[in-house]
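Observations on the model geometry
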Amino acid sequence: SITELPGFSNAAMAFAASSTLPPPMPTQQVLPEAYFYKWASTDIVKAFKDNGLEVADVKPGHTLNPVTPQEGTIFLIPSFGENIGGYVTSYNSKDELKDAMIYYLQMNKDAASPAWCIFEKDNILVLISGKVPEEKTKQYENVLNNMGKK
């Protein structure tokens, strides 16, 4: 039975009652990369500075690495020598980050004097020159590990 509604003809009400609803819209798919990307490299370098770590001559970083990061930042740690520093990069996916990490780990052929101290968190990969003492690189790693914690 059709209930009469003011302002609608019986024909309009009969049509509305007989027509089917449109098919539901497909659920929106969010790319996993949208959830993976959390930090920009500049966020990390700023956190290093804010935590009293040595950061000088900050510049956007570019690499010839076969895995191109979303973006990167180069900084120097002058107290350990000329052109000694770090490179912070951000990636759009876990696979890209993993591939970049493997690429840089392959540079560390000599365990006694590695080319890079490498650490990662979320979408960020941090490389600190192997010429920086381990106790100092641990300070940078600790700041990275505490990103997002209160």
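Check the entry above for the structure.
Conventions adopted
- By convention here, each chain's residues receive numbers from 1 onward along its written sequence.
- In keeping with the model being predicted, local features are shown solely for residues with a pLDDT of at least 70 and side-chain atom pairs are shown and tallied solely at 80 or more, while totals for entire chains, interfaces and linings include all residues.
- As a convention, hydrogens and water are excluded, and side-chain values are obtained from all of the structure's heavy atoms.
- We define a salt bridge as a side-chain nitrogen of Lys or Arg found within 4 Å of a carboxyl oxygen belonging to Asp or Glu.
- Counting from the N terminus, the helices are DSSP H or I runs at least four residues long and the strands are E runs at least two residues long.
- The classification of residues rests on relative accessible area computed with a 1.4 Å probe and restricted to protein chains. Under 20% of the type maximum is buried, over 50% is exposed, and intermediate values are partly exposed.
- Strands are labelled as partners when DSSP assigns at least two bridges between them.
- Axis definition: a line fitted to C-alpha atoms, limited for helices to the stretch in contact. Angles are taken between N-to-C directions and run from 0 to 180 degrees.
- The contact definition used throughout considers only heavy atoms, calling two residues in contact when any of these lie within 4.5 Å.
- Comment on the angle field: the value is read as roughly parallel under 35 degrees, roughly antiparallel over 145, roughly perpendicular from 65 to 115, and oblique elsewhere.
- Should the near helix be turned counterclockwise from the far one by less than a right angle, the crossing is left-handed, whereas a clockwise turn marks it as right-handed.
- Put simply, Ala, Val, Leu, Ile, Met, Phe, Trp, Tyr, Cys and Pro go in the nonpolar bin, Asp, Glu, Lys and Arg in the charged bin, and everything else, Gly too, in the polar bin.
- Aromatic pairing here means that ring centres of Phe, Tyr or Trp (its six-membered ring) are within 6.5 Å. Orientation follows from the plane angle: under 30 degrees is stacked, over 60 is edge-to-face, and everything else is tilted.

**Points about the pattern of salt bridges**
- For the coordinates displayed, the defined rule picks out five salt bridges.
- The partner of Lys 46 in a salt bridge is Asp 50, with the nearest N and O atoms 2.7 Å apart. In this pair, Lys 46 and Asp 50 are both assigned in helix α3 (residues 41–50), four residues apart and thus about one turn of the helix distant.
- Exposure remark for Lys 46: the relative accessible area of 49% places this residue in the partly exposed category.
- Residue Asp 57 pairs with Lys 59 through a salt bridge whose shortest N-O separation is 3.4 Å.
- By relative accessible area, which is 44% here, Lys 59 ends up partly exposed.

**Considerations on the sheet that holds strand β1 (residues 56–60)**
- One open sheet holds the five strands; their spatial order is β1-β2-β3-β5-β4, and the pairing between them is antiparallel. What marks the edges here is a single partner per strand, and that holds for β1 and β4 (116–121). The average undirected angle you get between the axes of adjacent strands in this sheet is 15°.
- Bridging between strand β2 (residues 71–76) and strand β3 (residues 85–90) involves six bridges; their strand directions are antiparallel. Paired with Gly 72 across the two strands is Thr 89, which belongs to β3.
- Of the strands in this sheet, β2, β4 and β5 (124–129) are in contact with helix α5 (residues 134–145), which crosses β4 at around 10°.

**Focus on the packing of α3 against α5**
- Close contact between α3 and α5 brings their axes to 10 Å; oriented N to C, the two are set at 120°. On the basis of the axis angle, α3 is oblique to α5. Seen from above, α3 lies across α5 with right-handed handedness. Every residue of α5 that contacts α3 at Ile 44, Ala 47 and Phe 48 is listed here: Tyr 140, Val 143 and Leu 144.
- For the contact of α3 with α5, the residue count by class is six nonpolar, no polar and no charged.

**Some thoughts on the pairing of β5**
- Counting buried positions over the six residues of β5 gives six, a clear majority of the element.
- With burial as the criterion, each face of β5 is covered, one bearing Ile 124, Val 126 and Ile 128 and the other bearing Leu 125, Leu 127 and Ser 129.
- Two elements, β3 and β5, share five bridges in a ladder whose sense is antiparallel. From the neighbouring strand, Gly 86 faces β5, where its bridge partner is Ile 128.

**Comments concerning the packing of aromatic side chains**
- The tally for this structure, following the rule as stated, stands at five aromatic pairs.
- Between Phe 48 and Tyr 140, the ring centres sit 5.0 Å apart and the planes meet at 90°, which makes this aromatic pair edge-to-face. On the criterion of sequence distance, the pair formed by Phe 48 in helix α3 and Tyr 140 in helix α5 is long-range, its members being 92 residues apart.
- Taken together, a centroid distance of 5.1 Å and an interplanar angle of 80° make the contact between Tyr 103 and Tyr 104 edge-to-face.
- Accessibility expressed as a relative area gives 26% for Tyr 103, which makes it partly exposed.
- Using a relative accessible area of 4% as the deciding quantity, one classes Tyr 104 as buried.
- Members of the aromatic cluster, connected to one another through ring pairs, are Phe 48, Phe 75 and Tyr 140.

**Description of the pairing of β2**
- As judged from the three bridges shared by β1 and β2, these two strands associate in the antiparallel manner. When the bridges of β2 are listed, Lys 59 appears paired with Ile 74.

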